[in-house]
Amino acid sequence: MPIKTHSHSILLSSSLHQSIKLKKKPTFPKMILPVKSMPDTWSAVGSALVTFIFFWDMFRRYCPPEIRSYLEKCTARLSGFLNPNIQVSIHEYTGNHLRPHEAYSIVDAYLSSNSIDAKRLKAEMVKENENKLMLSMDEYEKTTDVFNGVQVTWISGKVSPPPQTGGFSYYPEPERRFYKLKFHKCYKKMMTEEYLEHVIRKGREIQARNRQRKLYTNGHSKSYWSHIVFEHPAKFATLAMEPEKKEEIVDDLLTFTKSKDYYARIGKAWKRGYLLYGPPGTGKSTMIAAMANLLDYDVYDLELTSVKDNTELRKLLTETTTKSIIVIEDIDCSLDLTGQRTKKEEKPAEEKPEKVEKKSSRKEKEESGSKVTLSGLLNFIDGLWSACAGERLIVFTTNYVDKLDPALTRRGRMDKHIELSYCKYEGFKVLAKNYLELDRHPLFQTIEELIQEVEITPADVAENLMPKSAKEGPDQCLQNLICILKETKNRKCREVKDADTNEDAEIIEDAAAVLDTHAI
């Protein structure tokens, strides 16, 4: 019986298992979620936005300023803690008096040539060059820059002035633009010490390329500088000088522009003096224009007779800028600066003719308005005030270098003396290339022989090489120059002959006088 019972139970369990397999699994109805239409979605978003604006406006109106300021500070701290980037803001104006910030204009110039991936740009006229446009990022635009493998982000923006509550104003406060520099905090040292210096250096170079150079003057008894655009076309390549001499001067100038650290190391102001001397018409003024064009410097033409005293001279000096050339032309004629260290000997009144008295009195009246002394001029060149701005050249020109006080021309004040003498054959070839576009000609040999025997200035040579009409060709111009050279040579021969004749006559007279003395 127990065996039968066991088999019976096995049969029951197997039939039950089969019945479970044959039975279908229970199915449940699927949940169908209600789908909102697009208008309902936008209305919900709009409702939430209106609610947020309402509560934000209520918060700004009725929340005490102290609590609001505290919450803003906490929010800024929390954002700074969570944000790994650092921001550096550079605003267009500084202070409450809306003084222009120099760093903003420098960054603006730098980004004008480095905002490659910016899509919205704005074009503005360059302030110092009305003929050139500069592209810069538009408001709320951003661009990236890479420095030493590190990517940084520049963002432009602006702050609108607060609404005026006191009524209408003729001078509304302008919008304040700014740039933001963003970078990772782990590169803080590199960005603040190296990258920003790189931006300032490159930005100033771009500003120097974009600006128009100016020619300043203080003439007509002005105590301030007025200027015009400097457009002189002179270049060293067109100067009538020996190539070796030109190369020496150019190397000296370029070395000076790269010697800022050297001058700082030796403890000298970053300036250099040049004394240009030689007969009239030898190209001293043209040399100054070529120096300005080579270095892209402004030129300050100082008229000493228009300066009242040493104080005004110092004021004019402090108003000059870097990258400039301060010029005093014909310094031997500007003021009587040669005899101030020694007392002048006055001639007796009876020896002075009436005309001379009138001329001298008129000259004294003209110079009475200027009380500039030699001491004031020396301090202007290399005194304490001469270091107020770096990278400047001080250039004196004179026709008679021997008339100048040695203290004015010594090394240290006038560091380099450049003699511009009469035209030689190498200078003539430069002028022939400039005026006639000739590198060689059969008449060059005749000119070479004549020009070595006479003294003629580059200005006279250039005048004869310049065609006076459309009919005159290179041959006629060269013939004109040969005629002038021959006339100059003949005149010189006659002068030498006359001088020898006069010398012989003087010798004969002296000998006759000696014989008469012995006879007596």
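The structure presented is a predicted model; accordingly, all values stated were derived computationally and were not measured.

**Concerning the confidence of the model for the chain**
Counting all residues, the mean pLDDT for the chain is 80, and 78% of those residues have values of 70 or more. Considering only residues more than four positions removed or in separate chains, one finds that residues 355-359, a stretch of pLDDT under 50, has 2 contacts.

**Some points on the sheet that holds strand β13 (residues 324-328)**
Pairing in this open sheet of 7 strands is mixed, and the strands run β10-β9-β12-β13-β14-β11-β15 from one edge to the other. Of all strands in the sheet, those with a lone pairing partner are β10 (226-229) and β15 (416-419), marking the two edges. Taken pair by pair, the neighbouring strands of this sheet meet at an average axis angle of 20°, ignoring direction. The pairing of strand β11 (residues 271-277) with strand β14 (residues 392-398) spans 7 bridges and is parallel. When the sheet's bridge partners are listed, Arg-272 is paired in β14 with Leu-393. Of the strands in this sheet, β11, β12 (298-301), β13 and β14 touch helix α8 (residues 284-295), which is tilted by about 170° from β14.

**Section: the packing of helix α4 (residues 102-112) against helix α5 (residues 188-210)**
Running from N to C, α4 and α5 point in directions that differ by 80°, and their axes come no closer than 8 Å. The orientation of α4 relative to α5 falls into the category roughly perpendicular. Residue-level contacts link Glu-102, Ser-105, Ile-106, Val-107, Ala-109, Tyr-110 and Ser-112 of α4 to Tyr-195, His-198, Val-199, Ile-200, Lys-202, Gly-203, Arg-204, Ile-206 and Gln-207 of α5. Along the lines of polarity and charge, the residues of the contact of α4 with α5 split into 8 nonpolar, 5 polar and 3 charged.

**Brief notes about the sheet that holds strand β6 (residues 142-147)**
Read from one edge to the other, the open sheet built from 4 strands follows the order β1-β8-β7-β6, with strand pairing classed as antiparallel. What marks the edges here is a single partner per strand, and that holds for β1 (85-91) and β6. The average undirected angle you get between the axes of adjacent strands in this sheet is 25°. Together, β1, β6, β7 (150-159) and β8 (176-184) form the strand contacts of α4, whose direction differs from that of β8 by roughly 65°.

**What to know about the pattern of salt bridges**
Pairing between side chains of opposite charge can happen when the charged atoms of each approach one another. Summed over the entire model, instances satisfying the criterion amount to 15 salt bridges. The residue Asp-382 makes a salt bridge to Arg-413 at a minimum N-O spacing of 3.1 Å. Of the two residues, Asp-382 is situated in helix α12 (residues 374-382) and Arg-413 in the loop between α13 (406-409) and β15; the sequence distance between them amounts to 31 residues. Asp-382 sits in the partly exposed class, given a relative accessible area of 27%. Note that Asp-439 is salt-bridged to Lys-433, the shortest N-O span being 3.5 Å. Within the structure, one salt-bridge network assembled from shared partners comprises Arg-120, Asp-138 and Glu-141.

Conventions used here
- Residues numbered from 1 in each chain as written.
- Predicted model: local features only at pLDDT ≥ 70, side-chain atom pairs only at ≥ 80, totals over all residues.
- Heavy atoms only, no water.
- pLDDT = per-residue confidence, 0-100.
- Contact = heavy atoms within 4.5 Å.
- Pairing = 2+ DSSP bridges.
- Helix = DSSP H or I, 4+ residues; strand = E, 2+ residues; numbered from the N terminus.
- Axes fitted to C-alpha atoms, helices over the stretch in contact; angles between N-to-C directions.
- Parallel < 35°, antiparallel > 145°, perpendicular 65-115°, else oblique.
- Nonpolar A, V, L, I, M, F, W, Y, C, P; charged D, E, K, R; others polar.
- Salt bridge = Lys/Arg side-chain N within 4 Å of Asp/Glu carboxyl O.
- Buried < 20%, exposed > 50% of the residue type's maximum accessible area, 1.4 Å probe, protein only.

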